[in-house]
Amino acid sequence: MLASQPQLQAAASAKCQDMSARDYFSHVGPEGESPCSFVKAQGLTDYIGIAENIAGGPGTAEGILGLWKNSRGHNRNMLNSRYNNVGYGVCADQDGGSLAVQIFLRI
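Residues numbered from 1 in each chain as written. Predicted model: local features only at pLDDT ≥ 70, side-chain atom pairs only at ≥ 80, totals over all residues. Heavy atoms only, no water.

A few words on the pattern of salt bridges. A full pass over the atoms with the stated rule returns four salt bridges. Aspartate 18 is paired through a salt bridge with arginine 22; the nearest N and O atoms lie 3.1 Å apart. Of the residues examined, arginine 22 reaches a relative accessible area of 29% and is grouped as partly exposed. (Salt bridge = Lys/Arg side-chain N within 4 Å of Asp/Glu carboxyl O. Buried < 20%, exposed > 50% of the residue type's maximum accessible area, 1.4 Å probe, protein only.)

This is how it looks when you write it as C-alpha cells:
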C-alpha cells in the first residue's frame, strides 16, 4: 500500500514546477537533475528504490491518470508493490496545459 509522504509531495511538486519554469519535459533536467536530486533536496536520502511518472498536455488530473493507467511502464510503477511511498505534483506549463509528476519510493 502506498503512503503519501509530505517530503515526497514537496519533491514531486518541485520537479513539476522546475519543468514548467525551465520549459522542459523529461525525467532528467537540463543540467542533469534526476528525480533523486529533487528527493534528496527534501532531505530524503535513506531509500532503496525510486521511480517517476511524468505527463503533460491539455487535460485534467483524471485524464493524466488515465494516460498513466493505459501505459504499461507508467502503470507498472503505480502498481509495483516494491514502492511504499508516493508524492504527487501538478502544475501549469508555460502553454497553459498541465504537467503532472508522481515519484515513488521504497523506504
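What follows concerns the environment of leucine 67. Within the fold, leucine 67 resides in helix 3 (residues 61-69). With 11 residues separating them in the primary sequence, leucine 67 and glycine 56 have C-alpha atoms 9.9 Å apart. (Helix = DSSP H or I, 4+ residues; strand = E, 2+ residues; numbered from the N terminus.)

Burial analysis of strand 4 (residues 98-106) places eight of its nine residues in the buried class, the great majority of the element. Here nine bridges tie strand 2 (residues 49-57) to strand 4, and the two strands are oriented antiparallel to one another. Within strand 4, the residue paired with isoleucine 50 across the bridge is leucine 105. Here strand 3 (residues 85-92) pairs with strand 4 via eight bridges, running antiparallel. Across the sheet, the residue bridging to glycine 89 is valine 101, located in strand 4. Where strand 3 hands over to strand 4, the hairpin turn is made up of five residues, of which glycine 96 adopts a positive phi near 85 degrees. (Pairing = 2+ DSSP bridges.)

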